[in-house]
Amino acid sequence: MRQGITALALLTGLAGCAGHDRLSQVETRAETVDHQRLRPEGGGGAGQVPAYVLRASEGYRMPQLYAAPDPVLGERDRRKELAPTTICLQVVVTAEGSVERSVPLVDRSECAAGSSAENQVLLQAAQDAVTQWRYSPAAVCHFAPGQQPARNGDCDGAERIEPVPVSLFYAFTFEIVHGQQTVRTR
């Protein structure tokens, strides 16, 4: 009984922390970077790939990112301070799940910092990192006529699974704080 109460108290404590931002600080010069996937906008961006329209007996499985080293600035950027600065990339992923290329996006307001000469080092760091990213490939799932996937994004029961290349949009936010590194996690 006592073990059950202890476990319940631990789970309650963890659940209370799960929904809050946690801040941790490190007393050294450091850089932080965060990335997020962006939704496509009408207008496309550089190297736009036309959308594929699924047939009634087809499903789509999104690519799953499983190896994603963060961009590293290191000694490339000698700045001691950098306010949060966002640059964006269109990442073209092959049917095998590797990154074929990345293209800077600067046609969105949140991505405009990527066109500044002083931020080219940020852009290069992001491009160097994404070349190492690996995905479980995206796929079009072909089902027998009249059949559909049991769950959206699931290829179980498909007659044929066709890995396909995709184009994804990512935003990278860099920050350099002299003396302190702040990391936010959810």
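Residues numbered from 1 in each chain as written. Predicted model: local features only at pLDDT ≥ 70, side-chain atom pairs only at ≥ 80, totals over all residues. Heavy atoms only, no water.

1. Quick look at the overall build of the protein
So, step 1. Helix and strand counts for the protein stand at 2 helices and 11 strands.
So, step 2. For the protein, the α and β elements follow one another from N to C terminus as α-β-β-β-β-β-β-α-β-β-β-β-β.
So, step 3. Every one of the 186 residues in the protein was classed for burial, and the buried ones make up 33%.
So, step 4. Sequence-distant contacts in the protein: of pairs separated by 6 or more residues, those separated by 24 or more amount to 83%. (Helix = DSSP H or I, 4+ residues; strand = E, 2+ residues; numbered from the N terminus. Buried < 20%, exposed > 50% of the residue type's maximum accessible area, 1.4 Å probe, protein only. Contact = heavy atoms within 4.5 Å.)

2. With respect to the nonpolar core
As a rule of thumb, soluble globular proteins bury nonpolar side chains together.
So, step 1. Ranked by internal contacts, the top residues of the largest apolar core, which has 25 residues, are Val 91, Trp 133, Tyr 135, Phe 172 and Phe 174.
So, step 2. Ranked by residue count, the leading element in this core is helix H2 (residues 120-130), at 7 residues.
So, step 3. In this structure Tyr 135 touches Pro 63, Gln 64, Leu 65, Tyr 66, Val 91, Val 93, Glu 96, Gly 97, Val 99, Leu 168 and Tyr 170, once residues within four positions along its chain are discounted. (Core = buried A, V, L, I, M, F, W, Y, C linked by side-chain atoms within 4.5 Å.)

3. Concerning the side chain of Asp 154
So, step 1. Structurally, Asp 154 is set in the loop between strand E8 (138-142) and strand E9 (160-164).
So, step 2. With a relative accessible area of 13%, Asp 154 lands in the buried category.
So, step 3. A polar side-chain atom of Asp 154 sits 2.7 Å from a polar atom in the side chain of Arg 151.
So, step 4. A polar contact is formed between the side chain of Asp 154 and the backbone nitrogen of Asp 156, at a distance of 2.9 Å. (Polar contact = N/O pair within 3.5 Å; in protein donor to acceptor, adjacent residues only side chain to side chain.)

4. What about the side chain of Thr 94?
So, step 1. With respect to the secondary-structure elements, Thr 94 resides in the loop between strand E5 (82-93) and strand E6 (99-105).
So, step 2. In this structure Thr 94 comes out as buried when scored by relative accessible area, which is 14%.
So, step 3. When sequence neighbours within four positions are dropped, the list of residues in contact with Thr 94 reads Glu 100, Val 164 and Pro 165.

5. With respect to the pattern of salt bridges
So, step 1. Inspection of every chain in the model, using the stated rule, returns 6 salt bridges.
So, step 2. A salt bridge links Arg 55 to Glu 58; the shortest N-O distance between them is 3.2 Å.
So, step 3. Among the residues examined, Glu 58 registers a relative accessible area of 7% and is labelled buried.
So, step 4. The closest approach of N and O atoms between Arg 79 and Asp 77, which form a salt bridge, is 2.7 Å.
So, step 5. Judged by relative accessible area, Asp 77 falls into the buried class, the value being 6%. (Salt bridge = Lys/Arg side-chain N within 4 Å of Asp/Glu carboxyl O.)

6. Digging into H2
So, step 1. For H2, the buried fraction is high: 8 of the 11 residues fall into the buried class.
So, step 2. Listed as buried for H2 are Val 121, Leu 122, Leu 123, Ala 125, Ala 126, Gln 127, Ala 129 and Val 130.
So, step 3. Those residues of H2 that are buried are in contact with E5, E6 and strand E10 (166-177).

7. A short note on the packing of aromatic side chains
So, step 1. Evaluation of the coordinates by the stated rule reveals 2 aromatic pairs.
So, step 2. Taken together, a centroid distance of 5.0 Å and an interplanar angle of 85° make the contact between Trp 133 and Tyr 170 edge-to-face. Taken together, the positions of Trp 133 in the loop between H2 and strand E7 (134-136) and Tyr 170 in strand E10 put the pair 37 residues apart, joining distant regions of the chain.
So, step 3. By relative accessible area, which is 0% here, Trp 133 ends up buried.
So, step 4. For Tyr 170, a relative accessible area of 5% translates into the label buried.
So, step 5. Relative to Phe 172, the ring of Trp 133 has its centre 5.9 Å away and its plane inclined at 45°; by these criteria the two rings are tilted. Here Trp 133, found in the loop between H2 and E7, pairs with Phe 172, found in strand E10; they are 39 residues apart in sequence, far enough to count as distant. (Phe/Tyr/Trp six-rings, centres within 6.5 Å; stacked < 30°, edge-to-face > 60°.)

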